[in-house]
Amino acid sequence: MSRTIRLSSSLLRTAAVAGVAALTLTACGSGSGSDSASSGSGEVKVGLITKTDTNPFFVKMKEGAEKAAKAEGVKLMTAAGKFDGDNAGQVTAIENMVAAGVKGILITPSDSKAIVPAIEKAKAKGVLVIALDTPTEPESAVDALFATDNLKAGELIGEYAKAAMAGKSAKIATLDLAPGVSVGVQRHNGFLKGFGIEEGDPSVVCSQDTGGDQAKGQTAMENCLQKEPDINVVYTINEPAALGAYTALKAKGREKDVLIVSVDGGCTGTKAVKDGTIAATSQQYPLKMASEGVKAVVTYAKDGKKASGYTDTGVTLITDKAQDGVDSKDTAYGLENCWG
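All figures in this text were calculated on a predicted structure; none of them were measured in a lab.

### Remarks on the overall build of the protein
Inference 1: A count of helical and extended segments in the protein gives eleven helices and twelve strands.
Inference 2: Pairs at least 24 residues apart make up 74% of the contacts formed inside the protein by residues separated by at least 6 positions.
Inference 3: In the structure as shown, the protein presents an accessible area of about 15,400 Å², 50% of it carried by carbon and sulfur atoms.

Okay, here's the thing in structure tokens:
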């Protein structure tokens, strides 16, 4: 949506002499658009496309990109899907940004496979494309990936959960993301690896998709409790899903005897670790992903050097109940480095 301002011809002539440019904010894809600097001839433009513009993780990612764009003196265009999984919205955003003349696009793919053809078209036009947080399938579809090692993030909380159970028989519920999203698959597989089990192990008594949403996390947990009331370990794709699971468990009077572990490290989630709602979480750093991505596009614009391969932006297990043999930091550290 754009807003048109009508000016008299004399005012228009004055504006033209003064070199004043009108700034229009437009919807880019299905999300919102914003500019980090006024446009100018030859100015470097960088695009950022996130899965949504409401999840605190992506809000912080956008803040990181805006700060880096301002520091580098480049123009930032942003867009987001209407929901996690809105591939069509992201495809439209890519097309709009390429048409607007961006030098590079940073994207958190909603569908790791379905987005690839749109990425390939952008690259064919000389646009540098960097995936943030979520790898494409194949990973080589983009020029570079700046992300958490999501397999490691899952592995850390799996190791933690195994140690915290101290040999007790586990009945595990996994509250996952959605089919076709690599970040969800990697975290899930990492958790199983860390716990020392494989897919199909009988200790996993229930698996439900949540889309990373709190309300859906609550519903998923309710469904799992109906299927197996004695669940004692809950893995969740992220902290909103974990908080939804906690609500369902509390309604059944089970909140104190079920171990919940998660991934993200947002401020709300880290506070939930501090108050004991979540036992542990793997903290990642979205601001760093975005800021490093912007810098990579600027480097490409200046000297043609393309970022390549995978850059690990770090992950830390956060808990106040450390377990022997599992590296972790406490919630004081987590709160100093959280986001959202």
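Now that the structure has been shown, we can carry on.
### Here we look at the environment of Tyr300
Inference 1: As for its position among the elements, Tyr300 is in helix α10 (residues 286–303).
Inference 2: When the C-alpha atoms of Tyr300 and Leu128 are compared, they prove to be 7.7 Å apart, with 172 residues separating the residues in sequence.
Inference 3: Those residues in contact with Tyr300 that sit more than four places away from it in its chain are Lys103, Gly126, Leu128, Lys305 and Lys306.

### Observations concerning the packing of helix α3 (residues 87–99) against helix α4 (residues 116–124)
Inference 1: Between α3 and α4, whose axes approach to 9 Å, the crossing angle comes to 10°. In this view, α3 runs roughly parallel relative to α4, as classed from their interaxial angle. Facing α3, whose interface residues are Val91, Ile94 and Val98, α4 presents Ala118, Ile119 and Ala122.
Inference 2: The residue inventory of the contact of α3 with α4, partitioned by class, reads six nonpolar, no polar and no charged.

### Description of the side chain of Ser112
Inference 1: Summarising the element assignment, Ser112 is placed in the loop between β3 (104–107) and α4.
Inference 2: Among the polar contacts listed, one links the side chain of Ser112 to the backbone oxygen of Pro135, at a separation of 3.1 Å.
Inference 3: Ignoring sequence-local partners within four residues, the contact set of Ser112 consists of Thr134, Pro135, Thr136, Glu137, Gly180, Val181 and Ser182.

### Overview of the packing of aromatic side chains
Pairs of aromatic rings are described using the distance from one ring centre to the other and the angle between the two planes.
Inference 1: Per the stated rule, a full pass over the model turns up four aromatic pairs.
Inference 2: Members of the aromatic cluster, connected to one another through ring pairs, are Phe57, Phe58 and Trp339.
Inference 3: Of note, Lys103 hangs over the ring of Tyr300, and the distance from its end group to the ring centre comes to 5.1 Å.
Inference 4: It is Lys329 that lies over the ring of Tyr333; its NZ or CZ is 5.1 Å from the centre.

### What about the sheet that holds strand β4 (residues 128–132)?
Inference 1: Strand order in the open sheet formed by six strands is β2-β1-β3-β4-β5-β11, and the pairing between neighbours is parallel. The strands lining the two open edges of the sheet, one partner per strand, are β2 (75–80) and β11 (309–312). The sheet shows a mean angle of 20° between the axes of neighbouring strands, direction not considered.
Inference 2: Alignment of strand β5 (residues 144–147) against β11, held across four bridges, turns out to be parallel. Across the sheet, Leu145 pairs through a bridge with Tyr310, a residue of β11.
Inference 3: Those strands touched by α3 are β1 (45–50), β2 and β3, and its axis lies near 175° from that of β1.
Inference 4: Contacts from α10 reach β1, β3, β4 and β5 within the one sheet, and its direction differs from that of β4 by about 170°.

### Overview of the sheet that holds strand β6 (residues 172–176)
Neighbouring strands of a sheet are bound in pairs by backbone hydrogen bonds; such pairs are parallel or else antiparallel.
Inference 1: Taking strand neighbours across the sheet as the criterion, the six strands line up as β7-β6-β8-β9-β10-β12 in an open arrangement whose pairing is mixed. If you trace the sheet from one side to the other, it starts and ends with β7 (204–209) and β12 (316–318), each paired once. In this sheet, adjacent strand axes meet at a mean angle of 15° when their direction is disregarded.

### Regarding the pattern of salt bridges
Inference 1: Evaluated as defined, the whole model comprises eight salt bridges.
Inference 2: A salt bridge links Lys193 to Glu155; its shortest N-O distance comes to 3.9 Å. Here the residue Lys193 occupies a position in helix α6 (residues 182–195), and Glu155 occupies one in helix α5 (residues 150–165), the gap between them amounting to 38 residues.
Inference 3: When the shortest N-O distance is used, the salt bridge between Asp257 and Arg254 registers 2.7 Å.

### So, α4
Inference 1: Within α4, burial applies to Val116, Ala118, Ile119 and Ala122. One side of α4 holds all its buried residues, which, seen down the axis, span an arc of 160°. Across from the buried face of α4, at angles greater than 90 degrees, the exposed residues are Lys121 and Ala124.
Inference 2: For α4, the secondary structure elements touched by its buried residues are α3 and β4.

### A few points about the nonpolar core
Inference 1: Counting 27 residues, the largest nonpolar core has Tyr160, Phe191, Phe195 and Val261 as the members making the most contacts within it.
Inference 2: Secondary structure elements with two or more residues in this core: α5, α6, β8 (233–236) and β9 (259–264).
Inference 3: The element contributing the most residues to this core is α5, with six residues.
Inference 4: What Phe191 contacts, discounting residues up to four positions off in sequence, is Gly154, Glu155, Ile157, Gly158, Ala161, Ile172, Val233, Tyr235 and Val261.
Inference 5: Formed by 25 residues, the second largest nonpolar core is a distinct cluster that contains Leu106, Ile130, Val294 and Ala307.

Reading guide: rules and limits
- Residues numbered from 1 in each chain as written.
- Predicted model: local features only at pLDDT ≥ 70, side-chain atom pairs only at ≥ 80, totals over all residues.
- Heavy atoms only, no water.
- Helix = DSSP H or I, 4+ residues; strand = E, 2+ residues; numbered from the N terminus.
- Contact = heavy atoms within 4.5 Å.
- Areas by Shrake-Rupley, 256 points an atom, 1.4 Å probe, with all protein chains shown as cover.
- Axes fitted to C-alpha atoms, helices over the stretch in contact; angles between N-to-C directions.
- Parallel < 35°, antiparallel > 145°, perpendicular 65-115°, else oblique.
- Nonpolar A, V, L, I, M, F, W, Y, C, P; charged D, E, K, R; others polar.
- Polar contact = N/O pair within 3.5 Å; in protein donor to acceptor, adjacent residues only side chain to side chain.
- Phe/Tyr/Trp six-rings, centres within 6.5 Å; stacked < 30°, edge-to-face > 60°.
- Lys NZ or Arg CZ within 6 Å of the ring centre and 35° of its normal.
- Pairing = 2+ DSSP bridges.
- Salt bridge = Lys/Arg side-chain N within 4 Å of Asp/Glu carboxyl O.
- Buried < 20%, exposed > 50% of the residue type's maximum accessible area, 1.4 Å probe, protein only.
- Arc of directions from axis to C-beta.
- Core = buried A, V, L, I, M, F, W, Y, C linked by side-chain atoms within 4.5 Å.

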